[in-house]
Structures are given as structure tokens and as C-alpha cells.
Amino acid sequence: MRFLPLILALSLAFPVASDTHEDINKTPDISGLPSKTNNEVEVLHWWTSGGEALAVNALKDMMKEKGHKWKDFAVAGRAGESAINTLRTRALSGNPPDVAQIKGPEIQEWGERGFLVNIDDVAEEQRWNELVPARVSDYLKVDGHYVAAPFNIHRVNWLWANPDVFAQAGAELPQSMDEFFIAAEKIKAAGFIPLALGSEAWQETTLFESIALAIMGTDDFRKAFSEHNSDLLTGEKMRETLLTLRRMKQYTDADSPGRNWSDTTSLVIEGKAAMQMMGDWAKGEFLAANKVSGKDFVCIPAPGTANQFSFNIDSFVFFKSSDPQQTASQKELAKLILEPDFQEEFNLSKGSIPVRVDINMTRFDPCAQDAMQAFLRAAATDNLVASLSHNMAIGRASQVALFDVISRYYNDDEVNIDETMRHIRAAVLADKL
Ligand code: GAL
């Protein structure tokens, strides 16, 4: 019975009925797709928060300048889960948008099924092979051909803090998990919310990821989640990770359930909460609220993960169309995404660092400078880790299942830890079913 939620999660991840499963593996018949001749590009994405909207507006403006009409198809919520569900419905009914925000192994899933435009010519013209780190470009290709245009590199294992709240509570910024709990106690005693968390499955799993990185270390984290090592997935370090996650709950507030991530960041911005552990899209919210890095807010690596860099790369893919003009517009968009001016503008608002290695970083704030240094250091010391909670280490089926398992465990103290570990193991294997 305990597997029922998992099975439900899997059917959500693959809402395709089995009788249509065969069709999806064939190259879709694109001859019947409506031909658009008005230079309109419909773009499905989930960038709707303050910082995200500023970032994507830079792209909209540049597309407009080139004479294209941007038809916005923004589906907010759950770090893209809602958008991806919408995309599946649209694509499987033969009416995909022209462009969609997809990332990680999911790019392969769509590419292998024949849905995506080959953009090798754009990549060649802009020399992506030379400008984009290989660890990133591997995600953008199917059978060696580029099918996705990358925007950025986000670091997931960050802690965002309000220094004023720390000062009022007489607490120190935590470098380790032990220090986190010492600080959290002081902050709670001073009447603030120690840890801002929106209790949504993906936010809980983002927190779980940073704790797991700290407790398991890079090698075991990779062996567990990328190589599916059964002993590690159900071992002592996983137990400690889960216990630590549950222990953190007492430092969150009663209004946590269901709160979205940007409203959660606002608690830190407004000085109601001291910390949030979240990827650096959170920085976009601080900046959009005119807060200054190093003064109004600080960024430090999630406790115990200073050497590691859990990466999350945003990218757009382009759905095949029967109209050559449409394909040209899509490629124009792919090209714009990698243009140096756009890379700079977009990432200044988005909180991430540019995906091109040759962008001048002087306009970027100290957190972005730190992120760049941390990325280079992690690459040199083999501490770059594909994000678990943000679709880089695992595909959609595993992710949906994992979210469900972590969320059940976090929200119900009665849920058994051994059973949870077995379910985590089943979840990471779900991609292979
Ligand atoms: C992530 C995405 C980020 C950010 C975040 C919250 O999955 O990669 O760019 O948008 O969701 O919306």
C-alpha cells in the first residue's frame, strides 16, 4: 500500500496512456501543424516571480527588436512542474508551443522522441563548443547534436541570510550543520523565523539536497543519486540526512505549507526570517526589491557545502514546425540567448552566472562573483554536482516520485525512516522503468 503514492506519482510523470506510448517514440508528423506566418513565437516558461520576469523581459525585448512577436505562455508554480505538465498535454495533442523551458535529462527524453529542432548551425556559428563548459553542453545535445540553448548556471546549494536579523539575535552565520542549529536556536529565541521554507514538495527536496550534499559528500552523493548505489541510498548517511531534514522543521513557521518560493524569500527580505536555503534565483528577488548584496542580504554556501557546487542549467528547446520561417525565428531566439549582451542582462536579474565563459563579470554583485569562483574551484576539484531537485541528476519520472517521498516524510512525523529510504531508492530508479 505504501507504494501507492509512488505509482500515482509515476502516472503523473507519464500521463501518456499506454496505447499512445508507441506513437511518442516515433518522429511526430509535423506536416499538419498550423503554419504561422506572422513571426509569432509562443514561449512556454515558468519565470513569473519578480526577478525571473525581469530576466525574461530582456529576451522578450530583444526578440521584439528583431521583428518577432513573443507570445507569452507562462505557467507559474512548483519550479516548472506545472509548466511541464501543460507542455506534455499540448505536445501530445499535436499542438506544442514553439519554444519551451526544459532542462537536464528531460531534453534527451523529448529529443529522442523526435520533437526538437536541431540547432547545430547556431551552435557552430556562435562557437558554443568553445564558449560553454563541456559539463554544460553535454546536457544540450541528443546523439551529439545541439537541441537546447542554455541561459545560465544556477548554484542550488546557497543559504540567503538577513544580517540584521542575525545581529539582533546575536547569532553567527553558520558554516556547518552544527552551527546552523546553534544559530537557529538563538534566532528562534529572539522571536524571528530561523528558516524560511515554503512547504511545497520541490522546496523541501531542494533543502534535502543541500543537507544530503553536506552529510554525504560529493562522491557518495553522486554514487547514490546518479549511480543508484543501493547501500548509500538506504545507508547511515541517508538516515542522518533525513533526520536533519526533520529536525529543521521546528525552525520553520506555521504558515509554511504551500507558500511559494518567492513569497518565502520575501520573509528574509522583510526581516521576518533569518535564512532561506534556495538556489540563486532567490537573489533575483532581493535585487528586484532593491536590496544590496553584502549589506541588506548575504549569501553563503549551504552549511557544510562550501566546496561543492550543485548546478542547475536553464535552457530552451524548440519544437519542430512545418513552417521554415518559424524554424528561422526559433533559431534566431536560440542565437539571442547566447549573445554576450543578453547573457549579461539576463543573468544580472536572474541571480545566476552566465553560461558563456567569456562574459565580463565586473557588473555582477559579490554573490555572482563568488558563484563563478565556486564553479571554477568545484570544476577543478571534481566537486561539481548535477542538482537532484532541479532536474539535472534525474529525469522527470524519478523527480516526481522523489518529491512525493520527501514531502510525505517531511510533513508527517509518523512516516517511517527506513521505509522512506527504500522509497527514495525506488524513486531514483523510476526513470528506468
Ligand atoms: C528552477 C529554475 C530556475 C528558477 C526556479 C524557480 O527550476 O531552474 O530558473 O526559475 O526553478 O522558479
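As named in an unreviewed UniProt entry, the chain is Probable sugar-binding periplasmic protein, taken from Enterovibrio norvegicus FF-454. What UniProt records for the chain under Function (unreviewed entry) is the sentence "Part of a binding-protein-dependent transport system for a sugar." The UniProt entry for the chain carries the following text under Subcellular location (unreviewed entry): "Periplasm".

Topic: the sheet that holds strand 7 (residues 152–155)
Ordered in space as 14-7-12-15, the four strands form an open sheet in which the pairing is mixed. Edge positions in the sheet fall to strand 14 (353–354) and strand 15 (384–386), since each has one partner strand and no second. For strand 7 and strand 14, the ladder comprises two bridges, and the chain directions are antiparallel. Bridge assignment links Ile 153 to a residue of strand 14, and that residue is Ile 353. Helix 17 (residues 340–350) contacts strand 7 and strand 14 of the sheet and is inclined by roughly 20° relative to strand 7.

A short note on the environment of Leu 197
For Leu 197, the location among the structural elements is in the loop between strand 9 (193–195) and helix 11 (201–225). Owing to a relative accessible area of 3%, Leu 197 belongs among the buried residues under this scheme. Along the chain, Leu 197 and Phe 309 lie 112 residues apart, while their C-alpha atoms are 21 Å from each other.

Here we look at the nonpolar core
Ranked by size, the top nonpolar core spans 88 residues in total, and within it Phe 316, Phe 319 and Leu 333 carry the most contacts. Counting residues per element, this core draws most heavily on helix 18 (residues 366–380), which supplies seven residues. When residues of this core are assigned to domains, at least three fall in each of domain 1 (33–155 + 312–386) and domain 2 (158–310 + 388–432). The residues touching Leu 333, leaving out its near neighbours within four places in the chain, are Val 41, Val 43, Leu 59, Met 63, Trp 70, Val 99, Phe 316 and Phe 318. Residues Val 165, Phe 166, Met 177 and Ala 302 belong to the second largest nonpolar core, which totals 55 residues.

Focus on the packing of aromatic side chains
Counted by the stated rule, this structure contains 21 aromatic pairs. Judged by centre distance (6.2 Å) and plane angle (80°), the ring pair of Phe 208 and Phe 225 falls under edge-to-face. Here the two residues Phe 208 and Phe 225 agree in accessibility, since each one is buried. Ring plane angle 20° and centroid distance 4.4 Å describe the contact between Phe 286 and Phe 297, whose orientation is recorded as stacked. Taken together, the positions of Phe 286 in helix 15 (residues 281–288) and Phe 297 in the loop between helix 15 and strand 11 (298–301) put the pair eleven residues apart, joining distant regions of the chain. Accessibility classification places Phe 286 together with Phe 297 in one group, the buried group. An aromatic cluster of three or more residues is present, and its members are Trp 47, Phe 151, Phe 316, Phe 342 and Phe 346. Taking the ring centre of Trp 158 as reference, the NZ or CZ of Arg 155 above it sits at 4.8 Å. In this arrangement the basic side chain of Arg 247 is found over the ring face of Phe 181, its NZ or CZ atom lying 3.6 Å from the centre.

Quick notes on the sheet that holds strand 10 (residues 273–277)
Strands sit in the order 9-10-8-11 across an open sheet of four strands; the sheet is mixed. Strand pairing shows two members of the sheet lacking a second neighbour, strand 9 and strand 11, which therefore form its edges. Across the sheet, the axes of successive neighbouring strands diverge by a mean angle of 20°, strand direction being ignored. Pairing analysis gives two bridges linking strand 9 to strand 10, with the strands arranged parallel. Bridge pairing links Leu 195 to Met 275 in strand 10.

Regarding the environment of Asn 85
Mapped onto the fold, Asn 85 is located in helix 4 (residues 81–92). We classify Asn 85 as partly exposed; its relative accessible area is 25%. As a C-alpha pair, Asn 85 and Ala 426 span 341 residues in sequence and 22 Å in three-dimensional space.

What counts, and at which threshold
- Residues numbered from 1 in each chain as written.
- Predicted model: local features only at pLDDT ≥ 70, side-chain atom pairs only at ≥ 80, totals over all residues.
- Heavy atoms only, no water.
- UniProt positions renumbered as here; feature names shortened; annotations may be inferred.
- Pairing = 2+ DSSP bridges.
- Helix = DSSP H or I, 4+ residues; strand = E, 2+ residues; numbered from the N terminus.
- Contact = heavy atoms within 4.5 Å.
- Axes fitted to C-alpha atoms, helices over the stretch in contact; angles between N-to-C directions.
- Buried < 20%, exposed > 50% of the residue type's maximum accessible area, 1.4 Å probe, protein only.
- Core = buried A, V, L, I, M, F, W, Y, C linked by side-chain atoms within 4.5 Å.
- Domains from an automatic or database assignment.
- Phe/Tyr/Trp six-rings, centres within 6.5 Å; stacked < 30°, edge-to-face > 60°.
- Lys NZ or Arg CZ within 6 Å of the ring centre and 35° of its normal.

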